[in-house]
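Tertiary structure, described
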Amino acid sequence: MSNPPVLIDEAAILKRVGELADQISDDYADKGDLVLVGVLKGSFIFLADLSRRLSIPRIIEFIAVSSYGTGSVSSGAVRLVMDVRGNIENRHVLIVEDIVDTGHTLKYLIGILESHRPASIRTCSLLHKAESAEVDVKIDYVGFSVGDEWVVGYGLDFGEQDRTLPYIGTVAPDDRNGG
Ligand code: 5GP
């Protein structure tokens, strides 16, 4: 099978990740350890690159939710699969997502993390499908806006495939329907 067509190439991603890291480092300067909460599985590569570009002290945590099964059609339902393990009470938390589509997942995550009583919660997503928003949820740091198409690569999958592509590509509608 041929590789998905390129939507955002590797150089553009790394440049933008560097810009986000600089902005986050400025915003959290002198605030103590920033807790980066990566949302599994899709954010793992973005989190790895972003966290290494920060110039402030940081701690890595992970949380896992399940929302879409293995396909590309939203069920709307979000379920907690794994909560953060470390103590984040009174700490500044930044949720690191791969993509925000309807916003249901991010809203759910904020609720879960608020129950841990952090000092603050902000949100960062590499990609945002702005036209698909169903829920009013603020994304403090956005890498790129994308249209309503299924994207893969740089951590994002289609049926667990293509996560390790170095760029963001698109999956053709035919592939989405037919597997
Ligand atoms: P939301 O709850 O905002 O509708 O969906 C968020 C989740 O849906 C993301 O964390 C991701 O797992 C999945 N998702 C939405 N759109 C895409 C996409 O285009 N590609 C991939 N790989 N995942 C997506």
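What counts, and at which threshold
Residues numbered from 1 in each chain as written. Predicted model: local features only at pLDDT ≥ 70, side-chain atom pairs only at ≥ 80, totals over all residues. Heavy atoms only, no water. Pairing = 2+ DSSP bridges. Helix = DSSP H or I, 4+ residues; strand = E, 2+ residues; numbered from the N terminus. Buried < 20%, exposed > 50% of the residue type's maximum accessible area, 1.4 Å probe, protein only. Contact = heavy atoms within 4.5 Å. Phe/Tyr/Trp six-rings, centres within 6.5 Å; stacked < 30°, edge-to-face > 60°. Lys NZ or Arg CZ within 6 Å of the ring centre and 35° of its normal. Axes fitted to C-alpha atoms, helices over the stretch in contact; angles between N-to-C directions.

A short note on the sheet that holds strand S8 (residues 151-152)
- Taking strand neighbours across the sheet as the criterion, the three strands line up as S1-S9-S8 in an open arrangement whose pairing is antiparallel. Edge positions in the sheet fall to strand S1 (6-8) and S8, since each of these pairs with one other strand and no more.
- One ladder, built from two bridges, connects S8 with strand S9 (residues 168-170); its direction is antiparallel. Paired with Val-152 across the two strands is Gly-169, which belongs to S9.

Quick notes on the environment of Asp-140
- Positionally, Asp-140 belongs in the loop between strand S6 (120-128) and strand S7 (141-145).
- Overall, Asp-140 belongs to the partly exposed group, its relative accessible area being 25%.
- C-alpha of Asp-140 to C-alpha of Arg-122: the two residues are 18 residues apart in sequence and 6.2 Å apart in space.
- Not counting residues within four places of it along the chain, the set of residues in contact with Asp-140 comprises Arg-122 and Thr-123.

A short note on the packing of aromatic side chains
- Taken as a whole and assessed by the stated rule, the structure comprises zero aromatic pairs.
- In this structure, Lys-31 packs its charged tip against the face of Tyr-28, placed 5.5 Å from the ring centre.

Description of unusual backbone geometry
- A cis amide bond, omega 0°, links Leu-40 with the succeeding residue Lys-41.
- Inspection of the secondary structure assignment puts Lys-41 in the loop between strand S2 (34-40) and helix H2 (44-53).

Comments concerning the sheet that holds S2
- Strand order in the open sheet formed by six strands is S4-S3-S2-S5-S6-S7, with mixed pairing between adjacent strands. Each edge of the open sheet is held by one strand with a lone partner, namely strand S4 (79-82) and S7. Strand-to-strand twist in this sheet, taken as the mean axis angle between neighbours without regard to direction, amounts to 30°.
- Here five bridges tie S2 to strand S5 (residues 92-100), and the two strands are oriented parallel to one another. In the strand pairing of S5, Gly-38 is matched with Val-96.
- Across the sheet, H2 touches S2, strand S3 (58-66), S5 and S6, and the angle it forms with S3 is around 165°.
- Contacting S2, S3, S4, S5 and S6, helix H3 (residues 104-114) crosses the sheet at an angle of about 160° to S5.

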